[in-house]
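For reference, the chains in residue letters:
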Amino acid sequence: MKETVAILGAGTMGRGIAEVAAVAGHRVWLYDPYPASLEQALLEIRANLQKSAEKGRLSGTVEETLARIHPTQSLEDCAQAGLVIEAAPEKLELKQELLGKLGELNENNVLATNTSTFSVSAIAARVKHPARVLGLHFFNPAQRMKLVEVVGGLQTDPGFLERMQSLMQAWGKEPVKVVDAPGFLVNRVARPFYGEALKLHGEGVAKEHLDWIMRGMGFPMGPFELMDLIGLDVNYAASVSVYQAFYGEPRYRPHPLQYQRVAAGLLGRKTGQGWYTYPPGPPPPPTPPPAQTRDLPLPLIIGPNPLAQELRARFKHTENVAEAQFVLDCRVKLERKHDFFENLPVVSLVWGHSASAVQAEFRGRPVAGFSLVPPIGPATVVELYAPLSGGNEALKLAQTYFVAHGYNTLVLPDQPGGVGFRILALLINEALSAIAEGVASPADLDRAMRLGTGYPLGPLEWAERIWLKPLLRALEGLQAELGEDRYRPHPLLRRMVAAGLESFGDLSLAANTKEDLRTKSAKEAI
């Protein structure tokens with residue numbers, strides 16, 4: 001017989017977790033001090049189960065599953081359960097009080113918290129026998145989202161972590177083992193998706209354009225429409241929590257624009273207005289133009305990196321300097337962009353600098369900037385940048401060229417790094433920080449980000465796709481031009497490039513080899 005599970009809190013997450021446990025065949029105590037919350041929870045669970053049954057996804061009947069869920073206002077009832085999952089509102093004292101009391105009522109059960117912002121170790125500090133306290137961080141909606149972060153506190157018994165990983169798999173979830181660190185894994189690594197988008201918006205890039213660009217890269221939603229869905233207050237609170245937990249680390253700093261809207265009560269879809277007004281919500285991106293590549297200006301494509309390779313493979317170009325009408329320079333490092341092919345306009349990749357910075361390297365010649373991130377898909381938006389001195393022949397040639405290939409283009413305020421790459425580079429840099437600190441393994445990190453956020457590629461997988469050395473050079477350029485520590489390349493990236501490593505699989509192999517050498521040395525010493 002399966003053990004009884006108790007869920008503390010009948011809100012959105014609590015009722016979702018209760019439904020998952022009941023569908024998996026467990027008897028469930030669903031606790032909430034408010035009878036109305038319990039009634040509403042059961043109504044919503046019933047509706048969800050009926051939808052699942054209609055789609056043929058429910059084993060057994062709706063009534064059989066519902067019969068396993070028992071609403072209660074008694075913590076004594078919950079104390080009988082072998083597993084207790086706390087899903088109360090995000091207040092540290094409340095979570096400590098609830099699990100502390102359950103720990104007193106039963107000294108042998110497993111106590112889990114669904115917190116997304118507080119330290120599991122801090123919650124466990126108020127619980128008798130803290131070795132049995134761990135985190136089970138589900139993602140909303142818990143019924144559909146596969147990812148569960150299994151978080152061990154400083155005193156958590158490793159055996160309980162293994163047991164909960166197996167249980168989550170039995171529930172049809174994909175658990176990822178994570179250490180107890182601020183934001184855990186997904187919420188921490190995802191911070192730049194919002195934070196850098198807000199910074200770019202504050203620097204003059206329209207929120208609609210930011211959303212279109214990130215959608216075009218394969219993200220399910222743009223940062224501003226996603227903040228509206230999550231709730232600006234919830235997203236802002238998570239940003240503040242991570243920033244404070246890291247004692248003011250610059251790369252986590254919340255943005256005043258978000259606070260301003262939260263203070264005004266513009267919280268997103270739930271209030272009818274956030275970054276957008278609902279309805280109608282965010283405007284859809286324009287339909288890409290039809291491809292018409294006859295008689296278009298041909299560029300000479302310069303650079304060895306994957307972006308240059310993909311452009312040469314998919315876009316019309318020439319290898320003959322005499323036929324070229326402009327240069328499409330895909331090199332990253334500004335110092336490499338020396339004067340060549342004297343009479344040709346230059347359209348330069350701006351991953352590590354602004355178009356204006358490139359113009360200083362080509363005095364008296366038409367210069368524009370562009371940014372793309374591979375892999376290039378049909379929805380990709382090509383970012384174009386004119387130097388601060390204004391548009392010129394190079395910008396017109398670039399726009400004509402990319403539109404002729406069937407891509408939407410946006411001429412944006414001159415920004416070092418562009419939009420899509422700048423956000424992605426900081427996501428990757430944060431992922432590097434997380435694996436360097438041992439928060440999760442590289443493979444688990446990528447899997448968690450795909451499952452928990454719907455990213456088209458894991459950040460580390462994307463880093464391998466664009467190559468680590470160009471990524472390093474771009475971050476160095478961004479830090480130099482923007483002058484902020486938030487763009488500082490993580491030392492692990494520097495070490496990997498210095499060591500000639502090209503993938504995070506190589507990094508794992510190197511770590512294993514080092515451990516093997518230590519073991520061998522120890523044996524020889526014996």
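See above for the structure.
Nothing here was measured: the structure is a model prediction, and the numbers come from that model. (Residues numbered from 1 in each chain as written. Predicted model: local features only at pLDDT ≥ 70, side-chain atom pairs only at ≥ 80, totals over all residues. Heavy atoms only, no water.)

(A) Broad picture of the nonpolar core. Judged by nonpolar contacts, the single largest core of 121 residues is most densely connected at Leu 185, Leu 311, Phe 370 and Phe 402. Top element by residues in this core is helix 17 (residues 420-436). It accounts for 11 residues. With 36 residues, the next largest nonpolar core counts Leu 66, Val 110, Val 150 and Trp 171 among its residues. (Core = buried A, V, L, I, M, F, W, Y, C linked by side-chain atoms within 4.5 Å. Buried < 20%, exposed > 50% of the residue type's maximum accessible area, 1.4 Å probe, protein only. Helix = DSSP H or I, 4+ residues; strand = E, 2+ residues; numbered from the N terminus.)

(B) Fine view of the sheet that holds strand 11 (residues 346-349). With mixed pairing, the six strands of this open sheet are ordered in space as 9-10-11-12-13-14. What marks the edges here is a single partner per strand, and that holds for strand 9 (299-302) and strand 14 (408-412). Averaged over all pairs of adjacent strands, the angle between their axes in this sheet comes to 25°, without regard to strand direction. Inspection of the sheet shows strand 13 (residues 381-385) paired to strand 14 by five bridges, in the parallel sense. In the sheet register, Tyr 385 faces strand 14, and the bridge partner there is Leu 412. In the packing of helix 14 (residues 306-314) onto the sheet, contacts are made with strand 9, strand 10 (326-329), strand 11 and strand 12 (367-371), and the angle to strand 9 comes to roughly 150°. (Pairing = 2+ DSSP bridges. Axes fitted to C-alpha atoms, helices over the stretch in contact; angles between N-to-C directions. Contact = heavy atoms within 4.5 Å.)

(C) Geometry of the pairing of strand 4 (residues 83-86). Residues of strand 4 alternate between two faces, with Leu 83 and Ile 85 on one and Val 84 and Glu 86 on the opposite face, all of them buried. Strand direction decides the pairing type here: strand 4 and strand 5 (residues 110-113), joined by four bridges, are parallel. By the bridge assignment, Glu 86 is partnered in strand 5 with Thr 113.

(D) Here's a closer look at the environment of Ala 24. Checked against the element boundaries, Ala 24 lands in the loop between helix 1 (12-23) and strand 2 (28-31). The exposure class of Ala 24 is buried, given its relative accessible area of 15%. Considering only alpha carbons, one finds Ala 24 and Ala 170, 146 residues apart in sequence, at a separation of 7.6 Å. When residues no more than four places from it in sequence are discounted, the contact partners of Ala 24 are Lys 2 and Trp 171.

(E) Expanded view of unusual backbone geometry. Residue Pro 141 follows Asn 140 across a cis peptide bond; omega there is -5°. Structurally, Pro 141 is set in the loop between strand 6 (133-138) and strand 7 (147-152). Here the bond from Pro 279 into Pro 280 is cis, since omega is 15°, no more than 30 degrees from zero. Note that Pro 280 resides in the loop between helix 13 (256-263) and strand 9.

(F) Fine view of the packing of helix 9 (residues 191-202) against helix 10 (residues 207-216). The interhelical angle for the contact between helix 9 and helix 10, taken along N-to-C directions, is 140°, at an axis separation of 9 Å. Classified by the interaxial angle, the pair formed by helix 9 and helix 10 is oblique. At the point where helix 9 passes helix 10, the crossing takes the right-handed sense. Counted together, Phe 193, Ala 197, Leu 200 and His 201 of helix 9 and Lys 207, Leu 210 and Met 214 of helix 10 form the full contact between these two elements. When the residues that make up the contact of helix 9 with helix 10 are grouped by side-chain class, the tally is five nonpolar, one polar and one charged. (Parallel < 35°, antiparallel > 145°, perpendicular 65-115°, else oblique. Left-handed = near helix turned anticlockwise from the far one by under 90°. Nonpolar A, V, L, I, M, F, W, Y, C, P; charged D, E, K, R; others polar.)

(G) Representation of the side chain of Lys 199 in the model. Turning to its location among the elements, Lys 199 is positioned in helix 9. In contact with Lys 199, other than residues within four places in its own chain, are His 255, Arg 422, Glu 484, Arg 486 and Tyr 487.

(H) Seen up close, helix 12 (residues 232-245). The end-to-end C-alpha distance of helix 12, which contains 14 residues, comes to 20 Å, matching closely the 20 Å that a straight helix rising 1.5 Å per residue would cover. When we look at burial in helix 12, the residues that qualify are Leu 232, Asn 235, Tyr 236, Ala 238, Ser 239, Ser 241 and Val 242. Here the buried face of helix 12 lies against helix 9, helix 11 (223-230) and helix 13. Phi for Tyr 247, located one or two positions after helix 12, is positive at around 55°. (Expected span 1.5 Å × (residues − 1).)

(I) Fine view of the sheet that holds strand 7. Pairing is mixed in the open sheet, where eight strands are placed in the order 3-2-1-4-5-6-7-8. Among the strands making up the open sheet, the edge pair consists of strand 3 (69-72) and strand 8 (174-179). Averaged over all pairs of adjacent strands, the angle between their axes in this sheet comes to 25°, without regard to strand direction. Contacting strand 1 (5-8), strand 2, strand 4 and strand 5, helix 5 (residues 92-105) runs over the sheet at an angle of about 170° to strand 5.

(J) Seen up close, the packing of aromatic side chains. All chains considered together, the criterion is met by 15 aromatic pairs. Taking the centre distance of 5.6 Å and the plane angle of 25° together, the rings of Phe 219 and Trp 462 count as stacked. Taken together, the residues span a long stretch of sequence, with Phe 219 in the loop between helix 10 and helix 11 and Trp 462 in helix 19 (residues 459-466) at a distance of 243 residues. We classify Phe 219 as buried; its relative accessible area is 3%. Counting every residue linked through ring pairs, the aromatic cluster contains Phe 315, Phe 326, Phe 370, Tyr 401, Phe 402 and Tyr 407. (Phe/Tyr/Trp six-rings, centres within 6.5 Å; stacked < 30°, edge-to-face > 60°.)

(K) The arrangement of the pattern of salt bridges in detail. One pass over the full model with this rule turns up 28 salt bridges. A salt bridge links Glu 310 to Arg 314; the nearest nitrogen and oxygen atoms lie 3.2 Å apart. Taken together, the positions of Glu 310 and Arg 314, both in helix 14 and four residues apart, correspond to about one turn of that helix. For Glu 310, a relative accessible area of 15% gives the class buried. Residue Arg 314 is classed as partly exposed on the basis of its relative accessible area of 42%. Note that Arg 331 and Asp 329 form a salt bridge whose closest N and O atoms lie 3.0 Å from each other. An identical accessibility class is assigned to Arg 331 and Asp 329; each is buried. (Salt bridge = Lys/Arg side-chain N within 4 Å of Asp/Glu carboxyl O.)

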